[in-house]
Amino acid sequence: MPVELRRAKPPDADFLLELLGNEDVRPFLGPRTAATRDEVLEEIDRSLSEPESFGRFVIEVDGEPAGMLDFHLASERNRIARLERLAVHPRFRGRKLGDGAARLFQRHLLEELGFHRLELEIYAFNERACAHAERVGFVREGRKRKAYLKDGEWVDSVLYAMLAEDLD
Ligand SMILES: CC(C)(COP(=O)(O)OP(=O)(O)OC[C@H]1O[C@@H](n2cnc3c(N)ncnc32)[C@H](O)[C@@H]1OP(=O)(O)O)[C@@H](O)C(=O)NCCC(=O)NCCS
């Protein structure tokens, strides 16, 4: 099934808001995740007006929204983008849509936007997402021990990166 990736537009706000609040998505994302419709709309506007440094993307299957992916500029000087909030809607899970979407995103960021390095961080307990990151070519660079307080417990995170030359 062909997966497509496109920049989010204002009419996507309700889908993104529902996805961010989904009980099988929210526990895996960081605490700064936008939570209101206005915040999501503000982020979409920023993605449209600052496309080289901020991105809110929708994963689509047969023209239907199935997930999301985000990035922001982490270092202009070093051409580093930080990827965030990959999520596939639970009704689309089980087909590894996240892998296809992540590969499209890597090409867009490294080849079209000219980033040199992509970084992402995953809670260590999120084994499904760590397995996904490794399948799509991210290299595990380290582990931050007890770095975040989550539901009253200290949790580790795992750091991943991909360089332009790591692309096939
Ligand atoms: C991570 C995510 C995007 C992957 O979605 P997807 O591409 O649809 O992936 P699938 O549902 O097809 O599952 C992919 C594989 O993970 C496997 N998997 C499921 N739970 C797992 C676990 N706990 N540990 C390891 N692998 C697991 C699945 O079995 C499948 O492998 P298989 O096809 O060989 O059996 C999706 O699970 C998601 O949106 N999670 C919530 C948000 C999130 O964690 N985002 C990452 C934040 S950094």
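Relevant structure appears above.
### A closer look at the packing of aromatic side chains
Then step 1. Per the counting criterion, the structure on display carries 7 aromatic pairs.
Then step 2. Cluster of aromatic residues (ring-pair linked, three or more members): Phe28, Tyr123, Phe125 and Tyr148.
Then step 3. A cation over a ring is seen here: Arg46 above Phe54, with NZ or CZ 4.0 Å from the ring centre.
Then step 4. In this structure, Arg128 packs its charged tip against the face of Phe28, placed 5.3 Å from the ring centre.

### Quick look at the layout of surface pockets
Then step 1. Within this model, the largest pocket holds a volume of roughly 1,300 Å³.
Then step 2. Around the largest pocket, the lining comprises 47 residues; the ones closest to its centre are Phe28, Leu29, Glu84, Arg85 and Leu86.
Then step 3. Secondary structure elements with two or more residues in the lining of the largest pocket: helix H2 (37–49), strand E2 (54–61), strand E3 (64–75), strand E4 (80–88), helix H3 (97–112), strand E5 (117–123) and helix H4 (127–135).
Then step 4. Considered class by class, the residues forming the lining of the largest pocket number 22 nonpolar, 9 polar and 16 charged.

### Description of the sheet that holds E3
Working definition: the strands of a sheet are paired by backbone hydrogen bonds and lie parallel or antiparallel to each other.
Then step 1. If you walk across this open sheet you meet the 7 strands as E1-E2-E3-E4-E5-E7-E6, and the pairing is mixed. Strand pairing shows two members of the sheet lacking a second neighbour, strand E1 (3–7) and strand E6 (139–150), which therefore form its edges. Put simply, the sheet's adjacent strands are angled 30 degrees from each other on average, direction ignored.
Then step 2. Looking at chain direction, E4 and E5 are connected through 3 bridges and run parallel. Each residue of the ladder has a partner; that of Ile80, found in E5, is Arg117.
Then step 3. H2 contacts E1, E2 and E4 of the sheet and is inclined by roughly 100 degrees relative to E2.
Then step 4. Contacts between H3 and the sheet are confined to E1, E2, E3, E4, E5 and strand E7 (153–163), with E1 contributing the most and set at about 45 degrees to the helix.

### A word on the site of the ligand
Then step 1. In the vicinity of the ligand, 17 residues are found, and the nearest of them are Leu86, Gly94, Lys96, Gly98 and Asn126.
Then step 2. One nitrogen or oxygen atom from the side chain of Asn126 is found 2.7 Å from an oxygen atom belonging to the ligand.
Then step 3. The protein chains hide 71% of the 980 Å² of surface that the ligand would expose on its own.
Then step 4. More than half of the atoms belonging to the ligand lie within 2 Å of the grid points that define the largest pocket.

### Description of the nonpolar core
Then step 1. Ranked by internal contacts, the top residues of the largest apolar core, which has 31 residues, are Leu118, Phe138 and Tyr160.
Then step 2. Mapped onto this core, the elements with two or more residues apiece are E2, E3, E4, H3, E5, H4 and E7.
Then step 3. Examining the composition of this core, we find that 6 residues originate from one element, H3, more than from any other.
Then step 4. Leu118 has contacts with Ala81, Leu83, Gln106, Leu109, Leu110, Phe138, Tyr160, Ala161 and Met162, leaving out every residue within four places of it along the chain.
Then step 5. Counting 13 residues, the second largest nonpolar core, distinct from the first, contains Phe15, Val40, Val58 and Ala87.

About the cut-offs
- Residues numbered from 1 in each chain as written.
- Predicted model: local features only at pLDDT ≥ 70, side-chain atom pairs only at ≥ 80, totals over all residues.
- Heavy atoms only, no water.
- Phe/Tyr/Trp six-rings, centres within 6.5 Å; stacked < 30°, edge-to-face > 60°.
- Lys NZ or Arg CZ within 6 Å of the ring centre and 35° of its normal.
- 1 Å grid on protein atoms, 1.4 Å probe; cavity = no way out; pocket = protein on both sides within 12 Å on 5 of 7 lines; lining within 4 Å.
- Points joined across faces, edges and corners; volume = space filled by probe spheres on them.
- Helix = DSSP H or I, 4+ residues; strand = E, 2+ residues; numbered from the N terminus.
- Nonpolar A, V, L, I, M, F, W, Y, C, P; charged D, E, K, R; others polar.
- Pairing = 2+ DSSP bridges.
- Axes fitted to C-alpha atoms, helices over the stretch in contact; angles between N-to-C directions.
- Contact = heavy atoms within 4.5 Å.
- Near = heavy atom within 4 Å.
- Polar contact = N/O pair within 3.5 Å; in protein donor to acceptor, adjacent residues only side chain to side chain.
- Areas by Shrake-Rupley, 256 points an atom, 1.4 Å probe, with all protein chains shown as cover.
- Sits in = over half its atoms within 2 Å of the grid points.
- Core = buried A, V, L, I, M, F, W, Y, C linked by side-chain atoms within 4.5 Å.
- Buried < 20%, exposed > 50% of the residue type's maximum accessible area, 1.4 Å probe, protein only.

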